[in-house]
Structure formats: C-alpha cells, structure tokens
Amino acid sequence: MIEAIITAETAQDMIGYTLDGHVEISTIIFECTPPAVGVIMAALAGELSILARGVLLQTLSFVAAGSGDYEPDTEGASLGDECRHHAEEGFWGLAQIGLTGSADDAETVADICEYFGLGGDKAAFYQAQLRERMRSKTKRGRRV
C-alpha cells in the first residue's frame with residue numbers, strides 16, 4: 001500500500017517522483033489518503049533531503065486544500081477529518097519546518113495549517129509568523 005511508497009527510509013529516494021495520483025489528484029482525496037497523511041507526517045519528522053521534504057509538503061498542501069470537500073463516511077468522520085487528525089498530531093513538527101526552512105516551506109506550511117485549521121488558538125499566531133518568514137525571505141519577487 002501507500003506506506004511502502006513513502007516510508008522514512010524511502011523518502012530520500014523520491015527525487016523525481018510525486019505522489020500525485022496515488023494520494024490525491026488535484027486536491028481530490030481517496031480512502032488511502034488519511035493513512036498516507038500519517039506516514040507523510042512521520043517522514044517529515046525525520047531526516048529528508050530538501051527535495052523530498054518539498055514533495056511531501058506539496059502533497060500535504062494539496063490534501064489539505066481538498067480535505068474539506070467530502071461527505072462523512074459510514075462511521076461519521078469524513079476523509080478530510082481523518083487527514084486533519086493525522087496532520088494535527090504533527091503540528092509542531094510542521095511549524096518547526098516552516099519556521100526553520102526556506103520561504104517556500106514557510107508558505108506551504110502556513111497554507112497547510114490554514115486549510116486544515118491546525119493549531120487551535122495558537123494557529124493564527126503561527127500562521128502570521130510563517131507568513132512573515134515567507135515575506136522576509138522573499139526579495140523583489142524572487143525566492144532566496
């Protein structure tokens with residue numbers, strides 16, 4: 001299943017690959033997406049190349065953007081809620097990536113937190129910090 005694709009050990013080998021079509025397609029999520037989000041969060045907590053981290057963050061961003069568009073499943077929880085739950089468990093790791101990574105990382109993490117509604121009361125503060133980091137790392141419209 002998808003766990004075999006994105007375990008922490010194989011995340012380094014992802015250069016040149018995406019999870020598009022496996023975990024999500026243009027923000028449309030599937031039944032396999034919630035467990036994949038859990039694996040993505042675990043992989044992001046480990047040592048990754050910049051490229052692998054970027055692919056995982058981008059995938060998480062697409063999942064987050066599409067997570068609110070689904071009806072509840074038979075157990076009452078929507079796929080989006082399940083994805084949000086897994087992402088919420090890794091909120092502090094995401095915040096750390098955004099606050100210490102590149103401007104693109106900060107922007108992507110801010111988007112993920114906004115789309116998923118992560119962080120509860122502290123969300124607005126961290127989103128503002130991430131957006132400010134992104135702006136401060138962007139000069140004359142070019143990323144540094």
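Above: the structure in question.
Quick caveat: nothing in here was measured; it's all calculated off a predicted structure. (Residues numbered from 1 in each chain as written. Predicted model: local features only at pLDDT ≥ 70, side-chain atom pairs only at ≥ 80, totals over all residues. Heavy atoms only, no water.)

### Remarks on helix H8 (residues 123-136)
Along an α-helix, a turn takes 3.6 residues, which lines up residues three or four apart on a common side. The terminal C-alpha atoms of H8 lie 20 Å apart, and with 14 residues this matches the ideal 20 Å at 1.5 Å per residue to within 8%. For H8, the complete set of buried residues consists of Ala-123, Tyr-126, Gln-127, Leu-130, Arg-131, Arg-133 and Met-134. With its buried residues spanning 155° around the axis, H8 presents them on a single face. (Helix = DSSP H or I, 4+ residues; strand = E, 2+ residues; numbered from the N terminus. Expected span 1.5 Å × (residues − 1). Buried < 20%, exposed > 50% of the residue type's maximum accessible area, 1.4 Å probe, protein only. Arc of directions from axis to C-beta.)

### So, the packing of helix H3 (residues 33-44) against helix H4 (residues 50-66)
Across the interface, H3 lies against H4 with an axial gap of 10 Å and an inter-helix angle of 145°. In this structure, the crossing between H3 and H4 has a hand that is left-handed. Here Thr-33, Val-37, Ile-40, Met-41, Ala-43 and Leu-44 of H3 lie close against H4, whose contacting residues are Arg-53, Leu-56, Leu-57, Thr-59, Leu-60 and Val-63. Its residues assigned to classes, the contact of H3 with H4 shows nine nonpolar, two polar and one charged. (Axes fitted to C-alpha atoms, helices over the stretch in contact; angles between N-to-C directions. Left-handed = near helix turned anticlockwise from the far one by under 90°. Contact = heavy atoms within 4.5 Å. Nonpolar A, V, L, I, M, F, W, Y, C, P; charged D, E, K, R; others polar.)

### A closer look at the pattern of salt bridges
Inspection of the entire model under this criterion finds five salt bridges. Ionic pairing is found between Arg-131 and Asp-111, a salt bridge with its closest N-O pair at 2.9 Å. Of this pair, Arg-131 sits in helix H8 while Asp-111 sits in helix H7 (residues 103-116), and the two are 20 residues apart along the sequence. For the salt bridge of Glu-132 with Arg-135, the shortest nitrogen-to-oxygen distance reads 3.5 Å. Remark: Arg-135 and Glu-132 occur in helix H8; sequence separation between them is three residues, near one turn of the helix. Several salt bridges share partner residues, and in doing so they unite Asp-111, Glu-114 and Arg-131 into one network. (Salt bridge = Lys/Arg side-chain N within 4 Å of Asp/Glu carboxyl O.)

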